[in-house]
Amino acid sequence: MTSTAPVTAPAPADGGEPLVRVQHHGTVAVLQLNRPGKLNALSTALEQELIGSLRSPAVAGAAAIVFTGSARAFSAGADTSELPEMTPERIAAYYRGSGSLYETVARLPQPTVAAISGYCLGAGFELALACDIRIADETASFGLPEVGLGILPSSGGLTRLVRAAGPAIAKEIILFGERFTAAEAHRLGLVREVAPAGEALPVALERAAVLAGKPAMAVAWTKAAIDTAAESSASASLLIEQLAYAALNRPAGGGQ
Ligand code: COA
């Protein structure tokens, strides 16, 4: 992997640590969740800072994006200290604000890779599921504990897990809420590769660099076509394939 540019995230107004560290490895942007003392719990402030980082010109212009956390945790989920404040009205406002993070990530035109070490729970797992690809290391521990807290995964993770693993596996994971290993996540097809401890990020960067080297428009249309195929009729999906091909193909000489 090539040079690592310095952190590009603006320093927070209060002079404290940024909640998201942004680095660039060639054309790959790396967004590191940076609340290690709280196991990268996804507070609304952290979600907002992730959205802000994704909108920054340097990240928006990257050819691929890697999301990562720290050695102990990719993220231990939604910030539980904020949950008691969530009335129905605030929840509706939340999904129009920082809670739009997960859909924003899922709809990015660039390929996205989650590099996962340690706890990957609740909304942290949902953020990883919103990425195109997940690379975990042997320390990773997955789970969706929400039902035990009297709620449910609601940042797109329930829907994405049903589509990725099927309703039976999704019920098993969500209703029991038990934690499971990287090897189990790999067996279920939720993780592409299990790296040795401490190697999730380097492996994710390698995979991201491969995707970053592919034609950006082909990657963007293909991602959108695959996502649409998962939720539409075969005939609509086939039509999208053909229209995307027509939009992408540039015959030599610019033929009609
Ligand atoms: N929200 C807010 N803070 C969290 C958090 C979360 N989801 N997960 C961990 N933290 C905080 C802890 O409160 C603690 O903060 P403190 O040191 O200021 O008290 C710090 O992170 C370290 O967590 P701790 O519980 O001491 O670590 P542990 O190794 O004993 O346990 C977990 C790790 C992940 C098993 C445990 O923290 C946990 O169960 N977290 C909640 C997971 C969860 O329910 N997520 C889904 C929410 S919908």
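Structure shown above.
Thresholds applied
Residues numbered from 1 in each chain as written. Predicted model: local features only at pLDDT ≥ 70, side-chain atom pairs only at ≥ 80, totals over all residues. Heavy atoms only, no water. Helix = DSSP H or I, 4+ residues; strand = E, 2+ residues; numbered from the N terminus. Contact = heavy atoms within 4.5 Å. Buried < 20%, exposed > 50% of the residue type's maximum accessible area, 1.4 Å probe, protein only. Pairing = 2+ DSSP bridges. Axes fitted to C-alpha atoms, helices over the stretch in contact; angles between N-to-C directions. Arc of directions from axis to C-beta. Parallel < 35°, antiparallel > 145°, perpendicular 65-115°, else oblique. Left-handed = near helix turned anticlockwise from the far one by under 90°. Nonpolar A, V, L, I, M, F, W, Y, C, P; charged D, E, K, R; others polar.

### Thoughts on the side chain of serine 237
Phase 1: Inspection of the secondary structure puts serine 237 in helix α11 (residues 234-248).
Phase 2: Each residue touching serine 237, except ones within four places of it in the same chain, is listed here: Ala229 and Ser232.

### What about the pairing of strand β3 (residues 64-68)?
Phase 1: Judged by how many residues are buried, β3 sits mostly within the fold: five of five residues are covered.
Phase 2: Going residue by residue along β3, you find Ala64, Val66 and Thr68 tucked away on one face and Ile65 and Phe67 tucked away on the opposite face as well.
Phase 3: Here strand β2 (residues 28-33) runs beside β3; their pairing, made up of five bridges, is parallel. Note on β3: the bridge partner recorded for leucine 31 is phenylalanine 67.
Phase 4: Here β3 runs beside strand β5 (residues 112-116); their pairing, made up of four bridges, is parallel. Note on β5: the bridge partner recorded for isoleucine 65 is threonine 112.

### Comments concerning the sheet that holds β2
Phase 1: Strand order in the open sheet formed by six strands is β1-β2-β3-β5-β7-β10, with mixed pairing between adjacent strands. Strand pairing shows two members of the sheet lacking a second neighbour, β1 (20-25) and β10 (193-195), which therefore form its edges. Sheet twist, expressed as the mean angle between neighbouring strand axes with direction ignored, is 20 degrees.

### A closer look at helix α7 (residues 167-176)
Phase 1: Burial in α7 covers these residues: Ala170, Ile173 and Ile174. Down the axis of α7, the buried set is contained in an arc of 90 degrees. They therefore lie on one face. For α7, the exposed residues lying more than 90 degrees away from the buried face are Ala168, Lys171, Leu175 and Phe176.
Phase 2: Residues of α7 that are buried in the fold lie against α6 (157-165) and β9 (180-181).
Phase 3: In the segment just after α7, glycine 177 is the residue with positive phi, at about 70 degrees.

### Some remarks on the packing of α6 against α7
Phase 1: It is the contact of α6 with α7, at a shortest axis distance of 7 Å, that shows an interaxial angle of 135 degrees. As far as their axial angle goes, α7 and α6 are oblique. α6 and α7 meet at a crossing whose hand is right-handed. Listed contacts from α7 to Leu158, Leu161, Val162 and Ala165 of α6 are Pro167, Ile169, Ala170, Ile173 and Ile174.
Phase 2: The residue inventory of the contact of α6 with α7, partitioned by class, reads nine nonpolar, no polar and no charged.

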